[in-house]
Amino acid sequence: MSELLTFERFTPGAGLGECTESVDEDILAHWRALYPWDGPVGDTLPAGLATVLLMRAYMRTLAPRPPGNLHARQQLSLVAAVRRGEAVTTRFDCTGKELRRERRYVEIATRSTGEGGRLLFTGRMALIWAA
Amino acid sequence: MSRTLVPVRLLVDMPVIRAYAQITADFNPIHVDPGFAAATPMGGVIAHGTLSLNLIWQSIARTFGQAQLEGWSLDVRFTRPVRAGDTVEAAGTESTTRPGTFEVWVRNQDGAAVIEGTASRTQSPANR
């Protein structure tokens, strides 16, 4: 098992890795159960599933994490809709870290591309790191 | 007159939180382990922030159509935890000082904001 990804190990400006995920029928079925009004339209997945792909990639790439991290802020720009079954690769880069009021803030930039390298969405996450 | 976004509402209970943990592969114990969560400053289980954030996308989609979401950007802060049993509602209204930019939020059943931020169309839809 890899070493725990603690606050001390983040280096602003450094890449954190990348991961490829896709929305399979199982994920889609769970999504429909959660949000019955928000299904795919033709070949196009709902925008919220971009967030799901982002979070799945985050879980796999930035691991293992200390338990109890908190999501503080999220910026997300949708450039193009994700297509059904499309493999989406998300790259993560640390853009900053800061101790504020005894809380450990980590900032991460994300860039997600689909098949053929087409840009799908970009984002920035701010997290309060637990340890 | 400012435009408003069509509200979208969701009851967030433990089955919903567990289902969302499943699809995001996010089993952070603060979301799924009541014993662990009770011992944190949160004082109990809280829902994933993006579980509620998704409602803002859905609110924009209901207002403008899902096919019109390309080119939109969100910038939000998770301002308050969502607890199991909360009902949350996403909505928004167009800024009076920045036409085309919407102040967006998700509020709980008490009217308290759990997510606040802005949404705007920052670029033309990509060629598909």
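Given the structure is predicted, the values throughout are model-derived calculations rather than measurements.

### Remarks on the overall build of chain A
- On a plain count of helices and strands, chain A comes out with 2 helices and 5 strands.
- The order of α-helices and β-strands along chain A, N terminus first, is β-α-α-β-β-β-β.
- Each of the three principal axes of chain A carries a C-alpha extent, and together these read 45 × 30 × 30 Å.
- By residue count, 35% of the 131 residues in chain A fall in the buried class.

### Considerations on the overall build of chain B
- What chain B contains, in helices and strands, is 4 helices and 5 strands.
- Traced from its N-terminal end to its C-terminal end, chain B shows the element sequence β-α-α-α-α-β-β-β-β.
- Looking at chain B as a whole, 41% of its 128 residues qualify as buried.
- Long-range pairs, those at least 24 residues apart, make up 60% of the contacts in chain B between residues at least 6 apart in sequence.

### Examining the environment of A:G96
Residue and element names in this part refer to chain A.
- Along the chain, G96 turns up in strand 3 (residues 88–100).
- Given 14 C-beta atoms within 10 Å, G96 falls into the partly exposed group.
- Taking the C-alpha atoms as reference points, G96 and Y58, separated by 38 residues in sequence, lie 16 Å from one another.
- Those residues in contact with G96 that sit more than four places away from it in its chain are P12 and E107.

### Quick word on the nonpolar core
- With 66 residues, the main nonpolar core has A:A50, A:L53 and B:I56 as its most contacted residues.
- Top contributing element to this core by residue count: helix 2 (residues 48–61) of chain A, with 8 residues.
- What B:I56 contacts, discounting residues up to four positions off in sequence, is B:L74, B:A90, B:V104, B:V106 and B:A119.

### Describing the pairing of strand 2 (residues 72–78) of chain B
All names here are of chain B.
- Of the two faces of strand 2, the one holding W72, L74, V76 and F78 is buried and the one holding S73, D75 and R77 is not buried anywhere.
- The pairing of strand 2 with strand 5 (residues 113–121) spans 7 bridges and is classified as antiparallel. The residue bridging F78 from the neighbouring strand is I115, located in strand 5.

### A few points about the interface of chain A and chain B
- Counting from both sides, the interface comprises 31 residues of chain A and, opposite them, 35 residues of chain B.
- Looking at the side of chain A that touches chain B, the elements that each hand over two or more residues are helix 1 (25–34), helix 2 and strand 2 (70–78) of chain A.
- If you tally residues by element for the side of chain A that touches chain B, the top one is strand 2 of chain A, at 8 residues.
- Split by residue class, the side of chain A that touches chain B holds 18 nonpolar, 10 polar and 3 charged.
- By the bridge criterion, 5 bridges tie strand 2 of chain A to strand 2 of chain B in an arrangement that is antiparallel. Across the sheet, the residue bridging to A:R73 is B:R77, located in strand 2 of chain B.

### Points about the sheet that holds strand 2 of chain B
- Across the sheet, 10 strands lie side by side as 1(A)-3(A)-4(A)-5(A)-2(A)-2(B)-5(B)-4(B)-3(B)-1(B); this open sheet has antiparallel pairing. The sheet is open, and its two edges are formed by strand 1 (15–21) of chain A together with strand 1 (4–12) of chain B, each paired on a single side. On average, each strand axis in the sheet is inclined to that of its neighbour by 15°, with strand direction left out of account.
- Alignment of strand 3 (residues 86–94) of chain B against strand 4 (residues 101–107) of chain B, held across 6 bridges, turns out to be antiparallel. Bridge pairing in strand 4 of chain B places B:A90 opposite B:V106.
- This element, helix 4 (residues 49–64) of chain B, spans strand 2 of chain A together with strand 1, strand 2, strand 3, strand 4 and strand 5 of chain B of the sheet and lies at about 145° to strand 1 of chain B.

### As for helix 4 of chain B
- When the terminal C-alpha atoms of helix 4 of chain B are compared, their 24 Å separation across 16 residues agrees well with the 22 Å that a helix rising 1.5 Å per residue should span.
- B:G65 lies just past helix 4 of chain B and shows a positive phi near 100°.

### Points about the confidence of the model for chain B
- The predicted model of chain B has a mean per-residue pLDDT of 94, with 96% of residues at 70 or higher.
- What the predictor reports for the complex is a pTM of 0.95 with an ipTM of 0.95.

### Points about the pairing of strand 4 of chain B
Residues and elements named next belong to chain B.
- Extensive coverage of strand 4 is indicated by the burial of 5 of its 7 residues.
- As consecutive antiparallel partners, strand 3 and strand 4 are separated by 6 residues, and within that stretch G100 has a phi angle of approximately 95°, a positive value.
- Bridge count between strand 4 and strand 5: 7 bridges; the pairing is antiparallel. Bridged to V106 within strand 5 is I115.

Conventions used here
- Residue numbers here run from 1 along each chain, matching the order of that chain's written sequence.
- Starting at A for chains and at 1 for ligands, labels are handed out in the order in which the entities are written.
- Per-residue local features are limited, in this predicted model, to residues with pLDDT of at least 70; the limit for side-chain atom pairs, both in listing and counting, is 80 or more; totals at the level of whole chains, interfaces and linings are taken over all residues.
- Elements are defined by DSSP. Helices are runs of H or I of four residues or more, strands are runs of E of two residues or more, and each kind is numbered from the N terminus.
- Residues with at least 20 neighbouring C-beta atoms inside 10 Å of their own are called buried, those with 12 or fewer are called exposed, and the rest are partly exposed, where every C-beta is derived from the backbone.
- Residues are defined as contacting one another if the C-beta atoms placed from their backbone atoms lie within 7 Å.
- Each nonpolar core reported here comprises buried Ala, Val, Leu, Ile, Met, Phe, Trp, Tyr and Cys residues connected via C-beta atoms within 7 Å.
- Paired strands are those between which DSSP finds at least two bridges.
- Here the nonpolar group is Ala, Val, Leu, Ile, Met, Phe, Trp, Tyr, Cys and Pro; Asp, Glu, Lys and Arg are the charged ones; every other residue, Gly included, is treated as polar.
- Between the N-to-C directions of two axes lies an angle of 0 to 180 degrees, each axis being a line fitted to C-alpha atoms and, for a helix, fitted only over the stretch in contact.
- The span one expects for a helix is its residue count, reduced by one, times 1.5 Å.
- As a per-residue measure, pLDDT reflects the predictor's confidence and takes values from 0 up to 100.

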